Amino acid sequence: MIPKRIVVIGSDWPENEQWCPHWQGIKAGLRRLGVPSLFVSCRPTLNIDSVVAFDPDLVIYGLMDIVKNAHWRAEIRQRLPSATIVMWYGDFRDDRMNQPDADCSELDAMFVSNDAQEKRYSRKWKMKKVNFLPLGCEPIDKPQVDSRYAFDFVFIGGQIQEGAFHDRASFVETMKIKSDLVLVNSYDPAVRSRIYRAMPKIYSSSKMALDVSHFTNIKKYTSIRYWEIPAFFGFALTKRWPGCEEFYPENSRIYFDTMEEAIEKKDYYLKHEPQRQAILKRAHALSYNHSYDHRLNQMFGML
């Protein structure tokens, strides 16, 4: 399927959503592909008239807000009977987290950022077809170095202490204590917006970035951080996850299994600049394989 007109339903509220790397990536990928497209926010509410007026042959839902609002989905399907309608869901959620049951059987397909939950979403949201499609990145052509962000070891991300998110928060806290990790994060939308915009400079300017998702034991699941760091000329110290080497082999980023191994490799590569630079360059070259135009073409091919 090669769509002629696409509507993407995501969010531009609160402010930080305007700079969300996933939304920005989808927009950039569509521009490069030359497909006429419209991005519509569903927060605080969804203007269905604008979706229908664009007359898309493909609609991509991006948030659980759409799942929660069955009347939105029903009206879009009723008013766009010939359109292909799919969901591309980047977050990982399981039974430990609050996720509603829903009947989304009117959708044609769902794309998820892991290769382990086909049965879950076929059951929980009654999706007809569930496909693996990872998140992506938008590589920059040259490093954006800024002395304000010249950290030895940095992590951009949150420390959520509740429930299933606690393990990563604890890991990050220990790395701060044992390995001088600098944490960059805020839950204030305005500050979060500034962090998103500064991300290429932070990764380009820092010597090493910690790359660890909330969940690292799910087949082919990783957060967008895995894709962004090398795209922004960052050097990634990555918690290994099932399938990671399929996308970046060992010689293009540094993987670890335990905290002790992470600290050992962090100390080594901070002292061995030629090796660090060689790995960084290989990783950046590979990042072009994971840009959003590639991801969208993968989606079109599966459709």
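J.: What is the right way to read the sheet that holds strand β3 (residues 58–61) from this model?
T.: What links the strands of a sheet is backbone hydrogen bonding, and the strands pair in either a parallel or an antiparallel sense. Judged by pairing direction, the sheet is parallel, and its six strands sit side by side in the order β2-β1-β3-β4-β5-β6 without closing on themselves. What marks the edges here is a single partner per strand, and that holds for β2 (37–41) and β6 (130–132). Averaged over all pairs of adjacent strands, the angle between strand axes in this sheet comes to 20°, irrespective of strand direction. Taken together, the three bridges between strand β5 (residues 109–112) and β6 define a ladder with parallel strand orientation. Along β6, the bridge assignment pairs F111 with N131. With respect to the sheet, helix α1 (residues 21–33) is in contact with β1 (6–10), β2 and β4 (84–89), its orientation differing from that of β1 by roughly 170°.

J.: Looking at this structure, how should I read the pattern of salt bridges?
T.: Note on pairing: side chains with opposite charge can pair once their charged atoms come close. By the definition in use, this model includes 22 salt bridges. The salt bridge involving E17 is made with R43; its shortest N-O contact spans 3.5 Å. Separated by 26 residues along the polypeptide, E17 in the loop between β1 and α1 and R43 in the loop between β2 and α2 (48–53) bring together distant segments of the chain. In this structure E17 comes out as buried when scored by relative accessible area, which is 16%. Using a relative accessible area of 22% as the deciding quantity, one classes R43 as partly exposed. Of the charged contacts, one joins R240 and D257 as a salt bridge, the two residues approaching to 3.2 Å between their closest N and O atoms. Of the two residues, R240 sits in the loop between β10 (236–239) and β11 (254–256) while D257 sits in the loop between β11 and α9 (259–271), which places them 17 residues apart along the sequence. In this structure D257 comes out as partly exposed when scored by relative accessible area, which is 39%.

J.: I keep staring at unusual backbone geometry and nothing clicks. Help me out?
T.: One can expect most non-glycine residues to show negative phi and most peptide bonds to be in trans. Backbone torsion omega between W13 and P14 reads 0°, so that peptide bond is classified as cis. By secondary structure assignment, the location of P14 is in the loop between β1 and α1. Here the residue pair R43 and P44 is connected by a cis peptide bond, since its omega of 0° sits within 30 degrees of zero. Mapping P44 onto the fold places it in the loop between β2 and α2. Positive phi values are uncommon outside glycine, yet D55 reaches one of about 55°. Tracing the chain through its elements places D55 in the loop between α2 and β3.

J.: In this structure, what is going on with the packing of α9 against helix α10 (residues 273–287)? I would like to understand it.
T.: When two helices pack together, their arrangement is given by the angle between their axes and by how far apart the axes lie. Closest axis-to-axis distance for the α9/α10 pair is 5 Å, and the angle between their directions is 105°. In terms of axis orientation, α9 runs roughly perpendicular to α10. Two secondary-structure elements touch here, α9 through Y268, Y269 and K271 and α10 through E273, Q275, R276 and I279. Tallied by class, residues from the contact of α9 with α10 come to three nonpolar, one polar and three charged.

Calculation rules
- Going along each chain's sequence as written, the residues are numbered from 1 onward.
- Only residues with pLDDT of 70 or above have their local features reported here, since the model is predicted, and side-chain atom pairs are shown and tallied only from 80 upward, although totals for entire chains, interfaces and linings are computed over all residues.
- By convention in this description, side-chain values take in all heavy atoms of the structure and omit both hydrogens and water.
- By definition, two strands form a pair when at least two bridges between them are found by DSSP.
- Helix and strand labels come from DSSP, where a helix needs a run of H or I of at least four residues and a strand needs a run of E of at least two; each type is numbered from the N terminus.
- Every axis corresponds to a line fitted to the C-alpha atoms, with the helix fit spanning only the stretch in contact, and the corresponding angles, defined between N-to-C directions, vary from 0 to 180 degrees.
- Contact between two residues is taken to exist if any of their heavy atoms lie within 4.5 Å; hydrogens are not considered.
- The salt bridge definition used is simple: a Lys or Arg side-chain nitrogen within 4 Å of an Asp or Glu carboxyl oxygen.
- Three labels apply to residues, based on accessible area from a 1.4 Å probe with only protein chains included: buried if under 20% of the type maximum, exposed if over 50%, partly exposed otherwise in between.
- Orientation categories follow fixed angle ranges, with anything under 35 degrees roughly parallel, anything over 145 roughly antiparallel, 65 to 115 roughly perpendicular, and all other angles oblique.
- Residue classes follow a fixed rule: Ala, Val, Leu, Ile, Met, Phe, Trp, Tyr, Cys and Pro count as nonpolar, while Asp, Glu, Lys and Arg count as charged, and any other residue, Gly among them, counts as polar.

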